[in-house]
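Results of the structural survey
Each chain, letter by letter, is given below.
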Amino acid sequence: MKIIRTMCLAFLILHSAARFTDAQEIPTKSPQASPASVPEEKQRSERETRKRLEQLACGPEGVHFAHHTEKSSQPLPEQPPDKALIYVIRNGSMVGAAMRAKFAMDGKWVGMNRVSNYFYFEASPGPHYFCVDANGHGLLSLVVEKGTTYYLQQRLTMGGTDLDLIDAEKGKEYVAKYHRSIFVEKLKN
Amino acid sequence: MFTTAISILLAFSLGFNVPVQLFQGSAVPQELAALQREETSDFVLQDAPRQAEIHAAPQESVRLTDGTQVHLRFISTVASSQVIAGEKVALELVEPVVVGSLVVISPHSPAEATVTVAQAKRSMGRGGNLALKVESIRLADGETVTLRASKDVKGGDNQPRLLTTLGTAGMMYWAASPLVFLFYVKGKSATIPAGTEITAYIGGDFTLDPSKFHAVDASPQEKSAPK
């Protein structure tokens, strides 16, 4: 009992310390800020921005996919000249390995990955909002350009879920090493 | 009797109508025509020397060339956790852009950048990412020209703070295991403080009308001119 109580106490202390750490990270105003920095006050807060991005990026609840991994080597798509090609990769980390990582763009779930999986899709040029849902939401917003390939990595960590834009070299390496994810949206009964 | 009455009526009607026809048909238009001629001739007279000047000494066109440097400053702080890709960020010109003797872009002219990548601080002490593309600036004549520039910023990782806090917590309390604390530590957002300066470049060649820009030394002369 004593050990559990001690652990709980430690947890509370750490939680408070982490909140304090977060509070310290409010962007500092530069002393050389120009007089025109008044609009700063009108800027959204971090929380408001995250909420807004979640609304733009993540899909509705209750959407599930039937999934399997295609182990055989798959031909990769040609880069379309008038669109962006986006790869979504999940690395081989065993953190959250049992979880499926769903991926949404502009408020619609478009696919999912298990460990060491990838899938790809095309997107029209312009701003897009991306969301990965596993152990929480990882968010990213990006302006994509036509004729360009982007590699996004889903990262499930002990601290949450992240979605990273990785460089092409690393992305190609992962795509060569991992297997393609095949999925179909499950129909509601 | 009937014929007489008709004749009288006709006479009256003709008598009244003649002045009306005169008024409507000839007199006033002549006056107006004269006025119009006067105005036209005045216009021609006024414009004639100007046109003569233009024909006598054609003004050289001003050319804003591709790659001309433009020094810009961020008006407000931009944090990767507070912007979304596609949003516009305001900048202003630091130093005037001068072509020949003309100020083509005045100081404090507004410029715009678009957020191309926005990622807030991440878990495990990893920082955020922010990328911007500077797109356009307004010339002194009100026209907008394209710019070429981009700025990428990465938020700092929080590893030193993470290790310091872990060490302190570990010394203070044995149960503060590193693993537990690791869950909560996030990196820093990528931030561009207000007042940060960047150099952009004019994207393309632009031919400008010199009559729409003032000379570099125009304002000092105006200031020193006697009132």
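In this text, all values refer to a predicted model and were calculated from it rather than measured experimentally.

This brings us to the overall build of chain B. Scanning chain B from terminus to terminus reveals 4 helices and 12 strands. For chain B, the proportion of its 227 residues judged to be buried stands at 30%. For chain B, restricting intrachain contacts to residue pairs at least 6 apart in sequence, the fraction spanning at least 24 positions comes to 69%.

With that out of the way, let us pick up the pairing of strand E9 (residues 144-154) of chain B. Residues and elements named next belong to chain B. The pairing of strand E8 (residues 129-138) with E9 spans 9 bridges and is antiparallel. The residue bridging Lys133 from the neighbouring strand is Ser150, located in E9. In this antiparallel pair of consecutive strands, E8 and E9, the connection spans 5 residues, and Gly142 shows a positive phi of 95 degrees. Here E9 runs beside strand E11 (residues 197-202); their pairing, made up of 2 bridges, is antiparallel. Residue pairing for E11: Arg148 is matched across the bridge by Tyr201.

This part takes up the nonpolar core. Within the largest apolar cluster, 66 residues are counted, with the highest numbers of intra-cluster contacts made by Ala57(A), Phe130(A), Leu152(A) and Val70(B). Of the residues forming this core, the biggest block, 6 residues, is contributed by strand E2 (residues 84-90) of chain A. Apart from the residues within four sequence positions on either side, Leu152(A) is in contact with Ile86(A), Tyr87(A), Val88(A), Ile89(A), Phe130(A), Leu140(A), Leu163(A), Asp164(A) and Leu165(A).

Moving on, we come to the sheet that holds strand E5 (residues 117-123) of chain A. All names here are of chain A. The strand order E1-E10-E5-E2-E8-E9 describes an open sheet built from 6 strands, whose pairing is mixed. Two strands close off the open sheet at either side, each with one partner strand: strand E1 (65-70) and strand E9 (160-166). On average, each strand axis in the sheet is tilted by 30 degrees relative to the strand beside it, whichever way the strands run. Bridging between E5 and strand E10 (residues 179-185) involves 2 bridges; their strand directions are parallel. Pairing of Tyr118 across the sheet is with Arg180, part of E10. Sheet contacts for helix H3 (residues 168-177): E2, E5, strand E8 (149-157) and E9; angle to E2, the most-contacted strand, approximately 60 degrees.

Residue and element names in this part refer to chain B. Tracing the backbone shows Ser109 in the loop between strand E6 (102-105) and strand E7 (110-119). Spatially, the C-alpha atoms of Ser109 and Glu92 are 5.4 Å apart, while their sequence positions differ by 17 residues. Contacts of Ser109, omitting those with residues within four sequence positions, involve Glu92, Leu93, Ile137 and Arg138.

The next point concerns the confidence of the model for chain B. Residue and element names in this part refer to chain B. Mean pLDDT over chain B works out to 69, with 56% of the residues at or above the 70 mark. pLDDT under 50 marks residues 9-58. Its contacts with residues more than four places away, or in other chains, come to 2 contacts. Across residues 220-227, confidence stays below pLDDT 50; counting only partners more than four residues off in sequence or on other chains, it has 0 contacts. Confidence estimates for the predicted assembly give a pTM of 0.68 and an ipTM of 0.76.

Our focus in this paragraph is helix H2 (residues 46-57) of chain A. Residues and elements named next belong to chain A. Taking 1.5 Å as the rise per residue, H2 with 12 residues should run 16 Å; its terminal C-alpha atoms sit 16 Å apart, in good agreement. Listed as buried for H2 are Thr49, Leu53, Leu56 and Ala57. Taken down its axis, H2 places every buried residue within 80 degrees of arc, on the same side. Exposed residues pointing more than 90 degrees away from the buried face of H2 are listed as Arg47, Glu48, Lys51 and Gln55. Buried-residue contacts for H2 involve strand E3 (101-105), strand E6 (126-134) and strand E7 (136-144).

Taken over all residues, the pLDDT of chain A has a mean of 82, while the share at 70 or more is 77%. Here residues 21-41 of chain A is a poorly scored stretch, pLDDT under 50, and it has 30 contacts once near neighbours within four places are set aside; other chains count.

Residues and elements named next belong to chain A. Among the 9 residues that make up E8, 7 are buried, leaving the element largely enclosed by the rest of the structure. Where E2 meets E8, 6 bridges bridge the pair, whose relative direction is parallel. Note on E8: the bridge partner recorded for Tyr87 is Tyr151. One ladder, built from 7 bridges, connects E8 with E9; its direction is antiparallel. Within the sheet, the bridge partner assigned to Leu156 lies in E9 and is Thr161.

What counts, and where the lines are drawn
- Residues numbered from 1 in each chain as written.
- Chains lettered and ligands numbered in written order.
- Predicted model: local features only at pLDDT ≥ 70, side-chain atom pairs only at ≥ 80, totals over all residues.
- Helix = DSSP H or I, 4+ residues; strand = E, 2+ residues; numbered from the N terminus.
- Buried ≥ 20, exposed ≤ 12 C-beta atoms within 10 Å, placed from the backbone.
- Contact = placed C-beta atoms within 7 Å.
- Pairing = 2+ DSSP bridges.
- Core = buried A, V, L, I, M, F, W, Y, C linked by C-beta atoms within 7 Å.
- Axes fitted to C-alpha atoms, helices over the stretch in contact; angles between N-to-C directions.
- pLDDT = per-residue confidence, 0-100.
- Expected span 1.5 Å × (residues − 1).
- Arc of directions from axis to C-beta.

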